[in-house]
Structure formats: C-alpha cells, structure tokens
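Here is what each chain is made of, one letter per residue.
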Amino acid sequence: MSDDHRSDSATQIYLRLLRYMRPDLNLLILGFIGFMVYAACDSAFAWWMKELVDSIEGGLSHRRWELALVIIVIFLLRGLGGIGGGYCTEYVARRVINKLRHEMFNHILRLPCEFYEKYSSGSVLAKMIYNVEQVASASTNALRIIVRGGLTVVGLLIFMFYINWQLSGLFLIITPIMALIIFLVSKRFRGLSRNIQNAIGNVSERAGEVLKGYEVVKVFDGYDHENSQFSKVIEHDMRQRLKLVLMNDFSTTLVQLVVAIGLSSLILIAMQPKILLSMSAGEFVSFVTAAGFITRPILQLTQVNAIIQQGVAAADSIFHVMDLPLEQDLGHSKLENCRGDIEFSGIWFRYGDDQDSSTRKTDRKWVIEGVNFTIPAGSTCALVGRSGSGKTTLARLVARFNDPDKGEIRIDGIPAPELSIASLRQNIALVNQNISLFNASIAQNIAYGAMKEASRENIIQAAEHAQVMEFASHLPDGLDTQIGEAGITLSGGQRQRIAIARAFLKDAPILILDEATSALDNNSERLIQEALRHLMVNRTSLIIAHRLSTIENADQIVVLDEGKIAESGTHEELLSLGGHYAQMHEQGDEVS
Ligand SMILES: Nc1ncnc2c1ncn2[C@@H]1O[C@H](COP(=O)(O)OP(=O)(O)OP(=O)(O)O)[C@@H](O)[C@H]1O
Ligand SMILES: [Mg+2]
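Residues numbered from 1 in each chain as written. Chains lettered and ligands numbered in written order. Predicted model: local features only at pLDDT ≥ 70, side-chain atom pairs only at ≥ 80, totals over all residues. Heavy atoms only, no water.

**Describing the coordination of the magnesium ion (ligand 2)**
Part 1 of the argument: All of the protein donors around the magnesium ion (ligand 2) are Thr392 (OG1) and Gln433 (OE1); their distances to the metal are 1.8 to 2.2 Å. Of this pair, threonine 392 sits in helix α12 (residues 391-398) while glutamine 433 is found in the loop between β6 (428-431) and α14 (442-446), placing the two residues 41 residues apart along the sequence.
Part 2 of the argument: Taking relative accessible area as the criterion, glutamine 433 reaches 39% and is therefore assigned partly exposed. (Donors = N, O, S within 2.8 Å, 3.2 Å for Na, K, Ca; no water. Helix = DSSP H or I, 4+ residues; strand = E, 2+ residues; numbered from the N terminus. Buried < 20%, exposed > 50% of the residue type's maximum accessible area, 1.4 Å probe, protein only.)

**Comments concerning the nonpolar core**
Side chains that are nonpolar tend, in soluble globular proteins, to be buried together.
Part 1 of the argument: If you look at the biggest cluster of nonpolar residues, it comprises 47 residues, and the most contacted ones within it are Ile442, Ile446, Val468, Ile551, Ile557 and Tyr581.
Part 2 of the argument: The element contributing the most residues to this core is helix α17 (residues 492-506), with seven residues.
Part 3 of the argument: Dropping the residues within four chain positions of it, valine 468 is found in contact with Ile442, Ile446, Ala463, Leu479, Arg497, Ile498 and Ala501.
Part 4 of the argument: Grouped together as the second largest cluster of nonpolar side chains are 36 residues, Val92, Val96, Val147 and Val304 included. (Core = buried A, V, L, I, M, F, W, Y, C linked by side-chain atoms within 4.5 Å. Contact = heavy atoms within 4.5 Å.)

**A word on the packing of aromatic side chains**
Part 1 of the argument: Enumeration over the complete set of coordinates arrives at 11 aromatic pairs.
Part 2 of the argument: The interplanar angle of 15° and the centroid separation of 4.5 Å between the aromatic rings of phenylalanine 344 and phenylalanine 373 together place this pair among those described as stacked. You can see phenylalanine 344 sitting in strand β1 (residues 342-349) and its partner phenylalanine 373 sitting in strand β2 (residues 368-375), a full 29 residues away along the chain. Considered together, phenylalanine 344 and phenylalanine 373 belong to a single accessibility category, that of buried residues.
Part 3 of the argument: On the numbers, 5.2 Å between centres and 75° between planes, the contact of tryptophan 348 with tryptophan 366 is edge-to-face. With tryptophan 348 in strand β1 and tryptophan 366 in the loop between β1 and β2, this pair connects stretches of sequence that are 18 residues apart.
Part 4 of the argument: Classification of tryptophan 348 by relative accessible area gives partly exposed; the value is 27%.
Part 5 of the argument: Among the aromatic side chains, those forming a connected cluster through ring pairs are Phe45, Trp48, Phe75 and Phe293.
Part 6 of the argument: Lying over the aromatic face of tyrosine 38, arginine 148 brings its terminal NZ or CZ to 4.5 Å of the ring centre.
Part 7 of the argument: The ring of tryptophan 366 has arginine 350 sitting right over it, with the charged end atom 4.0 Å from the ring centre. (Phe/Tyr/Trp six-rings, centres within 6.5 Å; stacked < 30°, edge-to-face > 60°. Lys NZ or Arg CZ within 6 Å of the ring centre and 35° of its normal.)

**Overview of a nonpolar patch on the surface**
Part 1 of the argument: There is a patch of nonpolar side chains on the surface, built from Leu25, Ile29, Leu30, Ile33, Val37, Leu69, Val73, Leu76, Leu77 and Leu80 and spanning about 900 Å² of accessible area.
Part 2 of the argument: Secondary-structure elements contributing two or more residues to the nonpolar patch are α2 (25-58) and α3 (64-109).
Part 3 of the argument: Looking at the element boundaries, isoleucine 29 is found in helix α2. (Patch = residues over 30% accessible without salt bridge, like charges linked within 9 Å, V, L, I, M, F, W, Y side chains within 5 Å. Areas by Shrake-Rupley, 256 points an atom, 1.4 Å probe, with all protein chains shown as cover. Salt bridge = Lys/Arg side-chain N within 4 Å of Asp/Glu carboxyl O.)

**A look at the domain arrangement of the chain**
Frequently, the measure chosen for interface size is the accessible area that the parts lose on association.
Part 1 of the argument: As assigned here, the chain comprises domain 1 (10-322) and domain 2 (339-427 + 541-592).
Part 2 of the argument: Placing a centre on the C-alpha atoms of domain 1 and another on those of domain 2 gives a separation of 58 Å.
Part 3 of the argument: Across the boundary between the two partners, domain 1 contributes four residues, which contact seven residues of domain 2.
Part 4 of the argument: Looking at the side of domain 1 facing domain 2, the largest losses of area belong to Cys113, Glu114 and Lys118, adding up to 79% of the total buried there.
Part 5 of the argument: In this assembly, domain 1 and domain 2 are joined by one salt bridge.
Part 6 of the argument: The salt bridge involving glutamate 117 is made with arginine 396; its shortest N-O contact spans 3.0 Å.
Part 7 of the argument: Where domain 1 meets domain 2, there are two residue pairs in polar contact (both at pLDDT 80 or more).
Part 8 of the argument: Grouping the amino acids of the side of domain 1 that touches domain 2 by side-chain chemistry returns one nonpolar, no polar and three charged. (Domains from an automatic or database assignment. Buried area = accessible area lost by both parts, 1.4 Å probe. Polar contact = N/O pair within 3.5 Å; in protein donor to acceptor, adjacent residues only side chain to side chain. Nonpolar A, V, L, I, M, F, W, Y, C, P; charged D, E, K, R; others polar.)

**Here we look at the pairing of strand β3 (residues 380-385)**
Part 1 of the argument: Counting buried residues in β3 gives six out of six residues, a clear majority hidden from the surface.
Part 2 of the argument: The alternating pattern of β3 places Thr380, Ala382 and Val384 and Cys381, Leu383 and Gly385 on opposite faces, both of which are buried.
Part 3 of the argument: Pairing of β3 with strand β8 (residues 540-544), which is carried by four bridges, proceeds in the parallel orientation. Opposite alanine 382, over in β8, you have isoleucine 543 as the bridge partner.
Part 4 of the argument: The sheet contact formed by β3 and strand β9 (residues 556-561) spans five bridges and is parallel. Bridge assignment links glycine 385 to a residue of β9, and that residue is leucine 560. (Pairing = 2+ DSSP bridges.)

**Quick word on the sheet that holds β1**
Pairing between the strands of a sheet comes from backbone hydrogen bonds, and it takes one of two forms, parallel or antiparallel.
Part 1 of the argument: Ordered by their spatial adjacency, four strands build an open sheet running β2-β1-β4-β5, and the pairing between neighbours is antiparallel. Looking at strand neighbours, the two that pair on one side only are β2 and β5 (414-415), the edges of this open sheet.
Part 2 of the argument: With five bridges connecting them, β1 and β2 associate as antiparallel partners. Bridged to isoleucine 342 within β2 is isoleucine 375.
Part 3 of the argument: Strands β1, β2 and β4 (406-411) of the sheet are contacted by α12, whose axis makes an angle of about 120° with β1. (Axes fitted to C-alpha atoms, helices over the stretch in contact; angles between N-to-C directions.)

**Considerations on the site of ligand 1**
Part 1 of the argument: Residues in contact with ligand 1 amount to 14 residues; listed here are only the nearest, Ser387, Lys391, Thr392, Thr393 and Gln433.
Part 2 of the argument: Serine 389 has a polar backbone atom sitting 3.2 Å from an oxygen atom of ligand 1.
Part 3 of the argument: Between ligand 1 and the protein, one listed contact pairs an oxygen atom with a side-chain N or O atom of lysine 391 at 2.8 Å.
Part 4 of the argument: Taken by itself ligand 1 offers 630 Å² of open surface, and the protein chains cover 65% of this.
Part 5 of the argument: Broken down by element, the residue count for the shell around ligand 1 peaks at three residues, all from α12.
Part 6 of the argument: The residue makeup of the shell around ligand 1, split by class, is two nonpolar, eight polar and four charged. (Near = heavy atom within 4 Å.)

**Thoughts on the sheet that holds β8**
Part 1 of the argument: One open sheet accounts for six strands, arranged β6-β7-β8-β3-β9-β10; its pairing is mixed. Sheet topology places β6 and β10 (564-569) at the edges, where each strand pairs with a single neighbour. Each strand axis lies, on average, 15° off the axis of its neighbour in the sheet, ignoring direction.
Part 2 of the argument: On the sheet, α17 packs against β6 and β7 (510-514) and is oriented at approximately 175° with respect to β6.
Part 3 of the argument: Of the strands in this sheet, β3, β7 and β8 are in contact with helix α18 (residues 522-536), which crosses β7 at around 155°.

**Here we look at the packing of helix α9 (residues 223-270) against helix α11 (residues 281-322)**
Part 1 of the argument: With their axes 10 Å apart at the nearest point, α9 and α11 run at an angle of 160° to one another. If you check the angle between α9 and α11, you find them roughly antiparallel. The two elements α9 and α11 meet at a crossing, and its hand is right-handed. Together, Leu244, Asn248, Thr252, Val255, Gln256, Val259, Leu263, Leu266, Ile267 and Ala270 of α9 and Phe284, Phe287, Val288, Ala291, Thr295, Leu299, Thr302, Gln303, Ala306 and Gln310 of α11 make up the contact between the two elements.
Part 2 of the argument: Of the residues belonging to the contact of α9 with α11, the class tally is 13 nonpolar, seven polar and no charged. (Parallel < 35°, antiparallel > 145°, perpendicular 65-115°, else oblique. Left-handed = near helix turned anticlockwise from the far one by under 90°.)

Spelled out as structure tokens, the structure:
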C-alpha cells in the first residue's frame, strides 16, 4: 500500500518503540550487563597481549601458567556475556514484536469499514509480517551493536588512553569525520527502506489476489498477464534492495577507509624513534592490537544506522496504521428490549473518504439520494431494484458499516448516532450478499463470536431451520465437519445456509437478509422461506431479493432506482400501479 505518510521524526518513532520495551527493563539491564562483560573481555585481551609480550621480553617463564589460564577465562566470560546479552535482548525484542502484532491486529479489527475498502489484505498482511519483523531486527541488532559495540569501543579506548593518551587522542580525531558520513547517508536509508516495504506490500498483494482468483487465471489464460505483473513488482523490489545494499556498502567502505587512514597515521607517528623508546614492546603491541580491535565495533556501529533506519521506516508504517482513528462510537444510548422500528429520514450517502485525495467523497456520485421510508416494528420490508441501485448500501447503513452523509436513521425512534454501535449490532442478525465463513467446523461457524456458548440443541435447531442438516448429516463429522478456508469445501448454497443458520441462532429483533437465498434451489429456498416466516414473526426484517417470488408476501416492498425510491407498497398495490415493479414482474421472476 502506498502510505500517505505524516513523517514523525526518527527519534520520536524510536522513542515510541522503546516505550514498548519499558516493562522488560530488568531483562534489558541484565542483557546490558552481559554485553558489558563481553566488552570488558575485549579490553582484557589487549591487556593480556601486553602482559604476554612483556613476559616474553623479560624472560618471565614462570608466568606461563597464569597467562594460559587467563586467556581461557577471558574467552569463557566473553562467550557467556555474549550469549546472555544476546538472549536477553532477543527475548525483549520478541516480546515487543508480539505486543506490536497483537495491538495492530486488534486495532485493524476495530477500524471503520473504509479501511477494508481502501487497503488490500495483501498489503496489510505484509505490514503485519514483514514490517513487524524488521522492527525486531532493528531493535535487537541495533541494540546489540550499539550496546556491545559501544561498550567495547569505550573499554578499548580507556585501555588505549591508559597506555598512551597522546596517541589515543590522535586516533579520536577521525571520529567526527565518520559521524559526518553517517549523518549524510542516514536520510537516504530511511527513504529506501520505506520503498522496500511498499514493494514487499505490492508483492504480497499481487500474489494474494492470484491465489484467490486462481480459477479465473486458469480459464481466462491469465498466466502471462499475471506473470508480467508479478515480475514488475518483484523487479521493483529488487532494484530498491540493490540500491540499499550499494548505499550500505559504499558508506561502510568510506568509513573503513577513514579508519585505515587513521591507523596508518597512528603507526607513522607511533613508530617514530622518540615515541618507540617511551613504550615497552608489550605496550606498543597491545596498543596496536586495541586500535585494530576497535575498528570492528566502530564499523558495525556505522552499519547500525542502516538497520535503525529500516526499523524506523517499518515502525513508522506500523504506527501509521495503529494511529488510524478507530470506528467512532460516540453514542451512549442502549437499545433495551429493542422493538425494531426502523426509520430512514432524508438519507443521502456516497462512498469515499475525505482524507484521501484519490477517493475524495465530493468527487463521487451519490449512491443513496434522499431516501425516506419507515419499517414498522415487526413488519417485513423487501428492497428490490436493479443491480447497483443501492440496496446493499442502504442495508449496510442500518448496521452502521457506513454513516449517511445527510439525513438520519432512527431505530425505535433513537437516532442511530446516539446509539452505542455495539448495542445496535447486538440487535441485528445479518446475512451478507458475500457470505463470510471461517476455517472451522460448521457448528463453530454457526455459533460464531458472542454466540460461542450457545447450547448444542440451539445450534442443531438453527441448523435444521436453515436446512443445514440436510447436507451436514451426510458429512462424516456432521456439524463438526471442518469446512476449510472461507468454507471452500462447501457449495455456494451450502455456505448460504450456514450463514442463515447463524442469523437464526442470533435470534435478534432486526433481521437483514441480503440475497440470502439467491444460490439455493427452489425446494431448499421454499423450505427456508417457510422457516423464515416463523422467524420473522414479531421481528423487523429487511429482505433484499432479485427473485421477486420470494418477497410477494412482504408487508411493504420498496423499489430503489439509482439510489432513489421509485415506488413502494404491497405486491398487489405495486402491480396495479403498473410502474417499475409491475414491469419487473412482467419481465419474469429474475431481475438484474
Ligand atoms: N465500497 C464501495 N466503494 C465505492 N462504491 C461502492 C462501494 N460499494 C458499492 N459501491 C457503489 O455503490 C452503488 C450501489 O451498490 P450496492 O452494492 O448498494 O448495489 P446493490 O443494489 O446492492 O446491487 P446488487 O443487486 O448488484 O447487489 C454501485 O454503483 C456501486 O458501484
Ligand atoms: Mg447488493
């Protein structure tokens, strides 16, 4: 997804990330101690070199046991410190990842519907998987390099100053030059990392779409098209990555060169006769050893910038999603003993989003234009009209998936925005036009969400009414049969029946059926209609159907045409009116 970023500064983002680590501060300190031991051992090794060379020069052979033992202890401690520090920081980072993933998941679940309409699932998945992982590597690797490398550098510097402070001071002159180089490439890194994350999002978006639409690809021979689309996105990804590697290596080489120049000037100066005389051979060797040792962590410290910038860019895009405003629920009224009176009063609605210029609302066409009608509590209202006339949109407004731009929907006389969304939705049972099932058993799909404690009897009863039993009883595990991702192992009509059973089980005062029986054969549909008639007694129902025969008995039929109400009345009234409905009726049962 291409993010329209409000760029926070890198420090702000990093501080926000660090806040996630605060609860594990103890572990971090433990890790810090581990790294401190590790760093101290590097300086100890330089000291050991000095002792060794001095002992050899002085012919102190009795020290051999001591020196041999000490080197083992130094490396043992170094190893233990490294392992302890590494594990502790990794543990903290993994906890941060889990917290980030969980928070992001929970946030995404509660975002308003516009989010799901705007972003592809592939790009959101890429954020949850790839970007979060990058944050992990930023926090652990960067922390390890900074703490372990930083401490090593400090330790060795102290040692070097102790041996010869004038020479060490000289060595330090090169530091600002390195800092300047790092500063200059820093900004570019972040931009490149963001490009890479977007590229990864595009890759998973393309792949995800093809996996879902494989049948179309096969039958319409979409192989070449999909392949060329896919190569475009992966090549873009590759170019961005190569740029990053080049940038990284180039800046590292530059820094290395500066260090080498520093070392060579050091040797030139240190090996002048005057200075050579003032130092013992051991001191000289250990000084050069320390100076050589110090270059590696310094180099790592220069690369840490790239890692941090990657992490910051990733965290930025994650925080971008986590900062999207949640579905607004400002209403405090609750629907107690909802009767189900629904009133549409001067409703205007169009899709789009005011924040995003590409989908700006004001550029869009009205989908619902000035709709007024009432569904009295306990009655059945059918919504008919041509495809695209706005039926689904109107039904979605009732469940507040979207809110009208003008006008008001009132439930039991209470304006919808004053109702708590949770309370409103508790009173609505809905069967979508696009059925959503989950990879679980039939029974779990029927007793979904808040209904998961439903008794087995009630589930079976709902399943019987919705004709689910008719096919479930032939399955090996009956209602406990697993149905695969999105119910892939079931036929379209079977999926619809499970969704209807879910609505039956919810037993809510308001029932919305959007083309709920469109995929069923006449016989199953008749049986379900029969069951529905029982269910609809004392319930407010909004039924959307193309097959007019299924809605003839409705108390009220509303005919929508391009977002406006063309006519409304009972079946007989509309027939005698001789308008849209009569025409649709004449053209046959099916309208589209
Ligand atoms: N998420 C969306 N974003 C933008 N426009 C949309 C969106 N969903 C629907 N529309 C548009 O709104 C109009 C009404 O769509 P709607 O789904 O309400 O029609 P419908 O009457 O239910 O049609 P059908 O009988 O085919 O289901 C259509 O022109 C459609 O293109
Ligand atoms: Mg529809």
